[in-house]
Amino acid sequence: WTGGDMDGAGTTTVNGGKTFEISTATPKKLRRNFINNGTLFSQVLPAAMTFENAAVLTNNSLVELQTNTNFFCTCLPTPALFHNASGGTLRTLIASGTSNFLTPVDNDGTVDTQTGILNFLNGGTHTGSFTVGGATYLAFSGPSDSFSAASSITGSGAGGSRRPPRRLPGTH
(Lines give C-alpha, C1' and ligand atoms only; values in the text may rest on other atoms or scores of the structure.)
Protein backbone atom coordinates (compact mmCIF):
# COMPACT_ATOMS: atom_id res chain seq x y z
CA TRP A 1 0.00 0.00 0.00
CA THR A 2 1.80 3.09 -1.21
CA GLY A 3 -0.75 5.79 -0.40
CA GLY A 4 -4.28 7.01 -0.53
CA ASP A 5 -7.42 5.73 1.09
CA MET A 6 -8.97 2.29 1.10
CA ASP A 7 -12.70 2.89 0.94
CA GLY A 8 -15.93 1.95 -0.77
CA ALA A 9 -18.24 -0.99 -0.24
CA GLY A 10 -16.89 -4.44 0.47
CA THR A 11 -13.92 -5.93 2.29
CA THR A 12 -10.25 -6.11 1.37
CA THR A 13 -8.81 -9.57 2.12
CA VAL A 14 -5.20 -10.72 2.11
CA ASN A 15 -5.22 -14.43 1.29
CA GLY A 16 -3.18 -17.03 3.17
CA GLY A 17 0.42 -17.26 2.03
CA LYS A 18 0.39 -13.69 0.67
CA THR A 19 2.10 -10.54 1.93
CA PHE A 20 0.48 -7.13 2.24
CA GLU A 21 3.03 -4.40 2.79
CA ILE A 22 2.70 -0.74 3.69
CA SER A 23 5.67 0.52 1.75
CA THR A 24 5.62 4.32 1.98
CA ALA A 25 5.47 6.81 4.83
CA THR A 26 2.45 8.69 3.41
CA PRO A 27 -0.63 8.71 5.66
CA LYS A 28 -3.30 6.15 4.86
CA LYS A 29 -7.01 5.92 5.71
CA LEU A 30 -8.86 2.66 6.15
CA ARG A 31 -12.56 3.26 5.50
CA ARG A 32 -13.64 -0.31 4.79
CA ASN A 33 -13.21 -3.66 6.50
CA PHE A 34 -9.87 -5.40 6.05
CA ILE A 35 -9.14 -9.07 6.77
CA ASN A 36 -5.58 -10.34 7.03
CA ASN A 37 -5.26 -14.10 6.46
CA GLY A 38 -1.79 -13.69 4.97
CA THR A 39 1.54 -14.60 6.39
CA LEU A 40 2.59 -11.00 6.96
CA PHE A 41 0.99 -7.58 7.12
CA SER A 42 4.11 -5.46 7.33
CA GLN A 43 4.68 -1.87 8.35
CA VAL A 44 8.18 -1.12 7.06
CA LEU A 45 8.30 2.69 7.06
CA PRO A 46 7.11 5.15 9.70
CA ALA A 47 3.55 5.96 8.79
CA ALA A 48 0.16 6.62 10.23
CA MET A 49 -3.07 4.83 9.47
CA THR A 50 -6.44 6.30 10.38
CA PHE A 51 -9.43 4.00 10.82
CA GLU A 52 -12.72 5.65 9.77
CA ASN A 53 -16.36 4.75 9.05
CA ALA A 54 -16.42 1.97 11.68
CA ALA A 55 -13.79 0.05 9.70
CA VAL A 56 -12.56 -3.18 11.29
CA LEU A 57 -9.12 -4.60 10.60
CA THR A 58 -9.28 -8.30 11.52
CA ASN A 59 -5.94 -10.08 11.85
CA ASN A 60 -6.09 -13.87 11.53
CA SER A 61 -2.36 -14.29 10.88
CA LEU A 62 0.53 -11.87 11.47
CA VAL A 63 0.66 -8.08 11.73
CA GLU A 64 4.28 -7.10 12.21
CA LEU A 65 5.21 -3.52 13.06
CA GLN A 66 8.78 -3.05 11.89
CA THR A 67 8.86 0.71 12.60
CA ASN A 68 7.13 3.06 15.02
CA THR A 69 3.54 3.30 13.89
CA ASN A 70 0.44 5.25 14.88
CA PHE A 71 -3.05 3.87 14.33
CA PHE A 72 -5.54 6.71 14.66
CA CYS A 73 -9.31 6.48 14.96
CA THR A 74 -12.09 8.72 13.80
CA CYS A 75 -14.29 6.99 16.34
CA LEU A 76 -17.50 8.98 16.13
CA PRO A 77 -20.27 8.19 15.70
CA THR A 78 -19.22 4.49 15.54
CA PRO A 79 -15.75 3.38 16.65
CA ALA A 80 -13.44 1.54 14.31
CA LEU A 81 -11.58 -1.51 15.63
CA PHE A 82 -8.34 -3.46 15.32
CA HIS A 83 -9.31 -7.09 16.08
CA ASN A 84 -6.43 -9.48 16.69
CA ALA A 85 -8.43 -12.69 16.29
CA SER A 86 -7.72 -16.07 17.84
CA GLY A 87 -4.76 -17.41 15.86
CA GLY A 88 -3.59 -13.88 15.04
CA THR A 89 -0.33 -12.30 16.21
CA LEU A 90 0.40 -8.59 16.56
CA ARG A 91 4.18 -8.21 16.87
CA THR A 92 6.54 -5.27 17.30
CA LEU A 93 9.92 -6.08 15.76
CA ILE A 94 12.90 -3.81 15.07
CA ALA A 95 11.03 -0.61 16.09
CA SER A 96 12.81 0.89 19.10
CA GLY A 97 10.43 3.78 19.80
CA THR A 98 6.69 3.90 20.48
CA SER A 99 3.81 2.45 18.47
CA ASN A 100 0.38 3.79 19.46
CA PHE A 101 -3.08 2.38 18.89
CA LEU A 102 -5.61 5.19 19.24
CA THR A 103 -8.21 2.86 17.77
CA PRO A 104 -9.73 0.31 20.14
CA VAL A 105 -7.94 -3.06 20.09
CA ASP A 106 -9.58 -6.39 20.92
CA ASN A 107 -6.98 -9.13 21.45
CA ASP A 108 -8.17 -12.73 21.21
CA GLY A 109 -4.82 -13.94 19.85
CA THR A 110 -1.24 -13.03 20.77
CA VAL A 111 0.40 -9.64 21.22
CA ASP A 112 4.18 -10.11 21.11
CA THR A 113 6.18 -7.02 22.09
CA GLN A 114 9.79 -7.78 21.10
CA THR A 115 11.06 -4.19 20.78
CA GLY A 116 10.09 -0.68 21.83
CA ILE A 117 6.90 0.50 23.49
CA LEU A 118 3.43 -0.66 22.49
CA ASN A 119 0.72 1.67 23.78
CA PHE A 120 -3.02 0.90 23.68
CA LEU A 121 -4.76 4.26 24.14
CA ASN A 122 -8.45 3.57 23.49
CA GLY A 123 -9.40 0.43 25.39
CA GLY A 124 -10.42 -3.00 24.23
CA THR A 125 -11.54 -6.47 25.25
CA HIS A 126 -8.84 -9.09 25.74
CA THR A 127 -9.10 -12.88 25.95
CA GLY A 128 -5.69 -13.56 24.41
CA SER A 129 -2.08 -13.42 25.56
CA PHE A 130 0.44 -10.59 25.81
CA THR A 131 4.18 -11.31 25.78
CA VAL A 132 6.44 -8.47 26.87
CA GLY A 133 10.09 -9.06 25.90
CA GLY A 134 13.07 -7.74 27.84
CA ALA A 135 13.73 -4.00 27.47
CA THR A 136 10.19 -3.43 26.12
CA TYR A 137 7.10 -1.80 27.59
CA LEU A 138 3.42 -2.61 27.12
CA ALA A 139 0.99 0.15 28.16
CA PHE A 140 -2.77 0.17 28.59
CA SER A 141 -3.45 3.91 28.69
CA GLY A 142 -7.01 4.07 27.46
CA PRO A 143 -10.28 4.69 29.25
CA SER A 144 -11.16 1.02 29.58
CA ASP A 145 -9.63 -2.37 28.94
CA SER A 146 -11.39 -5.59 29.88
CA PHE A 147 -9.38 -8.77 30.53
CA SER A 148 -10.99 -12.21 30.70
CA ALA A 149 -9.85 -14.99 33.01
CA ALA A 150 -8.24 -16.64 29.96
CA SER A 151 -6.01 -13.64 29.20
CA SER A 152 -2.34 -13.56 30.20
CA ILE A 153 0.54 -11.12 30.38
CA THR A 154 3.99 -12.73 30.57
CA GLY A 155 7.64 -11.90 29.87
CA SER A 156 10.58 -10.05 31.35
CA GLY A 157 9.64 -6.60 30.02
CA ALA A 158 7.59 -3.96 31.82
CA GLY A 159 3.96 -3.01 31.59
CA GLY A 160 1.56 -0.58 33.09
CA SER A 161 -1.65 1.32 33.06
CA ARG A 162 -2.29 5.02 33.53
CA ARG A 163 -5.89 4.43 34.57
CA PRO A 164 -6.64 3.24 38.10
CA PRO A 165 -7.13 0.34 38.92
CA ARG A 166 -7.31 -2.39 36.29
CA ARG A 167 -8.54 -5.84 37.17
CA LEU A 168 -6.44 -8.41 35.38
CA PRO A 169 -8.26 -11.65 36.13
CA GLY A 170 -6.09 -13.88 33.92
CA THR A 171 -2.47 -14.93 34.42
CA HIS A 172 -0.27 -11.84 34.89
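Attention here is on the structure that accompanies the text. This one's a predicted model, so the numbers in the text were calculated from it and none came from an experiment. (Residues numbered from 1 in each chain as written. Predicted model: local features only at pLDDT ≥ 70, side-chain atom pairs only at ≥ 80, totals over all residues. Heavy atoms only, no water.)

## Thoughts on the nonpolar core
No. 1: Judged by nonpolar contacts, the single largest core of 29 residues is most densely connected at L30, F51, F82, L90, F101 and F120.
No. 2: Every element with two or more residues in this core is listed here: β3 (19-22), β7 (47-51), β9 (62-65), β10 (69-73), β16 (117-120), β18 (129-132) and β19 (137-140).
No. 3: Once residues lying within four places of it in the same chain are set aside, the contact partners of L30 are W1, M6, M49, T50, F51, E52, A55 and L57. (Core = buried A, V, L, I, M, F, W, Y, C linked by side-chain atoms within 4.5 Å. Buried < 20%, exposed > 50% of the residue type's maximum accessible area, 1.4 Å probe, protein only. Helix = DSSP H or I, 4+ residues; strand = E, 2+ residues; numbered from the N terminus. Contact = heavy atoms within 4.5 Å.)

## Focus: the pattern of salt bridges
No. 1: Tallied over the full model, the rule gives 6 salt bridges.
No. 2: Taking the shortest distance from any N to any O, the salt bridge between R31 and D5 comes out at 2.8 Å. Taken together, the residues span a long stretch of sequence, with R31 in the loop between β4 (28-30) and β5 (33-36) and D5 in strand β1 (residues 4-6) at a distance of 26 residues.
No. 3: Residue R91 is joined to D112 by a salt bridge in which the shortest nitrogen-to-oxygen separation is 3.1 Å. Here R91, found in strand β12 (residues 89-92), pairs with D112, found in strand β15 (residues 110-113); they are 21 residues apart in sequence, far enough to count as distant.
No. 4: According to the relative accessible area criterion, R91 is partly exposed, its value standing at 21%. (Salt bridge = Lys/Arg side-chain N within 4 Å of Asp/Glu carboxyl O.)

## Some words on the side chain of N107
No. 1: As for its placement among the helices and strands, N107 is situated in strand β14 (residues 105-107).
No. 2: The class of N107 is buried, set by a relative accessible area of 0%.
No. 3: In this structure the side chain of N107 is engaged in a polar contact, spanning 2.9 Å, whose partner is the side chain of N84.
No. 4: Those residues within four positions of N107 in sequence are excluded, and the remaining contacts are N84, T125, H126, T127, G128, S129 and F130. (Polar contact = N/O pair within 3.5 Å; in protein donor to acceptor, adjacent residues only side chain to side chain.)

## Digging into the environment of I117
No. 1: Locating I117 in the fold gives a position in strand β16.
No. 2: Taking the C-alpha atoms as reference, I117 lies 7.4 Å from S96; in sequence the two are 21 residues apart.
No. 3: Beyond its immediate stretch of four places on either side in the chain, I117 contacts G97, T98, S99 and Y137.

## Details of unusual backbone geometry
No. 1: Here L76 and P77 are connected by a cis peptide whose omega angle stands at 5 degrees.
No. 2: If you trace the backbone, P77 turns up in the loop between β10 and β11 (81-84).
No. 3: The phi dihedral of N53 falls on the positive side, at around 55 degrees, and the residue is not glycine.
No. 4: Of note, N53 is situated in the loop between β7 and β8 (56-59).
No. 5: Positive phi values are uncommon outside glycine, yet A135 reaches one of about 60 degrees.
No. 6: Tracing the backbone shows A135 in the loop between β18 and β19.

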